[in-house]
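# Residue-level structural notes
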Amino acid sequence: MRFINKSVGSGGKGTNDFIKNVIFEYFGNSFLEELRDGALINLKKESIITSTDSFTVLPEFFPGGDIGKLSIYGTCNDVAVSGGIPEYLTLSLIIPDGYEMEKLLMIFDSMKRAIDEVGVKIISGDTKVIDGISSLIVNTTGFGELKSDLNCYDRIKVGDKVIFSSDIARHSVAVLIARNELGFSSDIESDCCNLYEIIRKLDYSKIKFVRDATRGGVAAVLNEIADKSGKGFLIKEQNIPILESVNYFCEMLGFDPLQMANEGVAVIVVDRDYADEALAIIKESKNGKNAAIVGEVTDNTKVVLETKVGGKRYIEIPAGELLPRIC
Amino acid sequence: MKLIDSFRDKEKVDILLKQIDKLNIKDKEYRFMEVCGTHTMSISRFGLRTLLPENILLISGPGCPVCVTSQGEIDAIFDLVKNNDVIIATYGDLLKVPGSNGENLYILRSMGFDIRVVFSPLDVIEIAKNTDKEVVFLSIGFETTTPPSAGLVKQLVKENIKNVSLFVMNKTMPKVLDFIANQENVMVDGFLCPGHVSAITGERLYEPLVRSGFACVISGFEPVDVLMSVKLLMEQVNKGEFWVENNYGRVVKRNGNELAMKLMYEVFEDSDAYWRGIGVIEGSGLMLRANYKDFDAMEKFNIEVDYSKSLPGCRCGDVLLGRIKPTDCSLFGNRCTPEDPYGPCMVSSEGSCAAYYKYGG
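Residues numbered from 1 in each chain as written. Chains lettered and ligands numbered in written order. Predicted model: local features only at pLDDT ≥ 70, side-chain atom pairs only at ≥ 80, totals over all residues. Heavy atoms only, no water.

Attention shifts here to the overall build of chain A. Assigned secondary structure in chain A consists of nine helices and 13 strands. The C-alpha atoms of chain A give 21 Å as radius of gyration, which agrees with the globular expectation for 327 residues (20 Å, within 12%). For the C-alpha atoms alone, the extent of chain A along its principal axes is close to 65 × 55 × 30 Å. The 327 residues of chain A split such that 54% are buried. (Helix = DSSP H or I, 4+ residues; strand = E, 2+ residues; numbered from the N terminus. Rg over C-alpha atoms; globule rule 2.2 N^0.38 Å. Buried < 20%, exposed > 50% of the residue type's maximum accessible area, 1.4 Å probe, protein only.)

Residues and elements named next belong to chain A. On the basis of which strands lie adjacent, the open sheet formed by four strands has the order E1-E6-E4-E5 and mixed pairing. Whereas interior strands pair on both sides, the edge strands pair on one side only; in this sheet they are strand E1 (48–55) and strand E5 (121–130). Shown here is a sheet whose adjacent strand axes are inclined to one another by a mean of 15°, direction ignored. Of the strand pairs in this sheet, strand E4 (residues 84–96) and E5 are connected by nine bridges, and their pairing is parallel. Bridge pairing in E5 places isoleucine 95 opposite valine 129. Packed on one face of the sheet, helix H3 (residues 67–81) meets E1, E4 and strand E6 (137–146) and runs near 150° to E1. (Pairing = 2+ DSSP bridges. Axes fitted to C-alpha atoms, helices over the stretch in contact; angles between N-to-C directions. Contact = heavy atoms within 4.5 Å.)

All names here are of chain B. Taking strand neighbours across the sheet as the criterion, the four strands line up as E4-E3-E5-E6 in an open arrangement whose pairing is parallel. Since the sheet does not close on itself, it has two edges, and those belong to strand E4 (115–117) and strand E6 (164–168), each with one partner. Each strand of the sheet is rotated relative to its neighbour by a mean of 25°, with strand direction disregarded. Bridge count between strand E5 (residues 134–139) and E6: five bridges; the pairing is parallel. Pairing of serine 139 across the sheet is with valine 168, part of E6. Of the strands in this sheet, strand E3 (86–90), E4, E5 and E6 touch helix H4 (residues 71–83), which is tilted by about 155° from E6.

Okay, the interface of chain A and chain B next. On the chain B side, the residues contacting the 24 residues of chain A number 35 residues. In this assembly, chain A packs against chain B so that about 2800 Å² is buried in total across both faces, 60% of it on carbon and sulfur atoms. Across the pair B:Arg8 and A:Glu251 runs a salt bridge, and its minimum N-O distance is 2.8 Å. For the pair chain A and chain B, the number of links is five residue pairs in polar contact (both at pLDDT 80 or more). Of all elements in the fold, only helix H8 (244–253) and strand E13 (312–314) of chain A reach the threshold of two or more residues within the side of chain A that touches chain B. (Buried area = accessible area lost by both parts, 1.4 Å probe. Salt bridge = Lys/Arg side-chain N within 4 Å of Asp/Glu carboxyl O. Polar contact = N/O pair within 3.5 Å; in protein donor to acceptor, adjacent residues only side chain to side chain.)

Time to look at the pairing of E5(B). Residues and elements named next belong to chain B. With five of six residues buried, E5 lies mostly within the body of the structure. Taken together, the four bridges between E3 and E5 define a ladder with parallel strand orientation. Within E5, the position partnered with valine 86 by the bridge is glutamate 134. Running through helix H7 (residues 146–158), the crossover from E5 to the neighbouring parallel element E6 is right-handed. (Right-handed = clockwise from strand over helix to strand, strands pointing away.)

Residues and elements named next belong to chain A. We note that the domain assignment places domain 1 (3–146) and domain 2 (153–314) within chain A. Note on domain 1 versus domain 2: buried area summed over both sides is about 1700 Å², and carbon and sulfur give 61% of it. The interface formed by domain 1 and domain 2 contains one salt bridge. One salt bridge connects glutamate 117 with lysine 286, and the closest N-O pair in it is separated by 3.3 Å. For the pair domain 1 and domain 2, the number of links is five residue pairs in polar contact (both at pLDDT 80 or more). Taken together, the elements giving at least two residues each to the side of domain 1 that touches domain 2 come down to H3, E4 and helix H4 (101–118). Tallying contributions element by element places H3 first for the side of domain 1 that touches domain 2, with eight residues. Considered class by class, the residues forming the side of domain 1 that touches domain 2 number twelve nonpolar, five polar and three charged. (Domains from an automatic or database assignment. Nonpolar A, V, L, I, M, F, W, Y, C, P; charged D, E, K, R; others polar.)

What follows is the structure, encoded as structure tokens:
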């Protein structure tokens, strides 16, 4: 068994060997292989979207994904939902001293597949090996050409429709079950996926706003949009896509699926006249089969849920860590 | 979920709402207290108040074990953590409960103290087997969650595990229900009786309430359960005749779960208890019996609790007794929010203030 040791992050021969023999093998391209201090790229565009994110997840491998896949899709999705075309990524690794090389290679393998699927290149990177942590930390920064600004709150109008691009809460439940603290087993897989594939065929001029609903779930995203836009939402519980097994798990432990993390769900606000067409396009994509129109924009500044039985209540932004109830 | 779905059926709900409307005497105010925190959450979560006529009020009672725990006990937990090299095992609900100086178990965990969330008291056994440290389980809850605590003690004896003790904050329902019924200004016409507790205690728990002139309906937690129970409560109130109606027969048997009650009283015995915002209610708490005192964290760590402590301005007591709605408290939504709770009713996932804040009234 091979292990990562501090020589890999030393800046000396160990680092050189690691970059040439491992990093290039998985992520090599003409930008990276120039081995410059900084990557020279020419986007030749008026506006580019950039986004950065650090990834840490326990366990590092979970049903439907792993930290590698997450770190590529996560940042590319941020670029995509902002209205950009993901093109380039930087990759920074903070590795625990003594980390298993084979595990790292499995993560790289997964990253490579995600990179190829999105069609991005890793153009720059860094590796540190440190004591005091027990799991890998990955930072990726993404760059891409802006197609159209999809993060402009002013464009949102009363009557616009809200689409969830997939069923909700799957990532959170998959990870919770994978931690094996709850004594459950299931075949629930994370929804971790490439959101650009879902939205790229849409008419960007008719999309008002997009955000991926990661930590905090769709509840956090809807509240953020309501807060910034001065508008509200009426969401119909009946229309919210959720797997029965995921819903069952949440019911049993008192979790609110609206507040649970996703890695492959975009909240998409579209012009009401375009909603049905947009939904049909999304449903044709590989990761958008479970998409649904769940509600619409209102003028009351609150995020309101019409429950399955017709009652109304707020969808509140989640606070603190999700915890199961006492009884 | 299919079983649950039939209790969330909009058609059934609409039929029940029509029946409620027929029974409704419009110039009368119907005031029903849901004793259980899970009812409170369910009513808010499904927006049931928005479906009911305005003169039918569903009032939250003292049925959240975290909400009724005294400030003195909570502060004592913090002292215990800070002054001893122990592992604290707790249900998640307690992590956010603030001490008198604003800290909570989350903060203490971030500071490096060993605080672990468990899902069942039996999880404590696994923790204890893998450490030489003392493990203190924060035992809290009513008749529903206390039998598992008793089960833990029995298992500790059976496996001869010595490094576990219980910080006992458990309470029981009968005496607090009497207390509410005998207040000077009783603010309720009837009780939506807790399904989980009733599954253990059985129907007899509510007979004194009925004799005192209160409508009592044992209810499940789904919208159809709750609305059906409201309808049955209205029928009793309109007739002026009161009895214990079991509207949760699929779970609650007349005599409850006698084995669980027996187990609970094998390990615990009645004691006086201090209810936050209410005060001492005789015989409303539980303590470990003499032969299990070795597992009592209070004795093991020589813990003194100052029950007189309270948070100035906090009106959780009035909320728990149905005297005010959460939104009537001047701290609600400003000084006291789920992110930065001041009073316990805002802390717990079962708390009435948290439910009002999260989901609206």
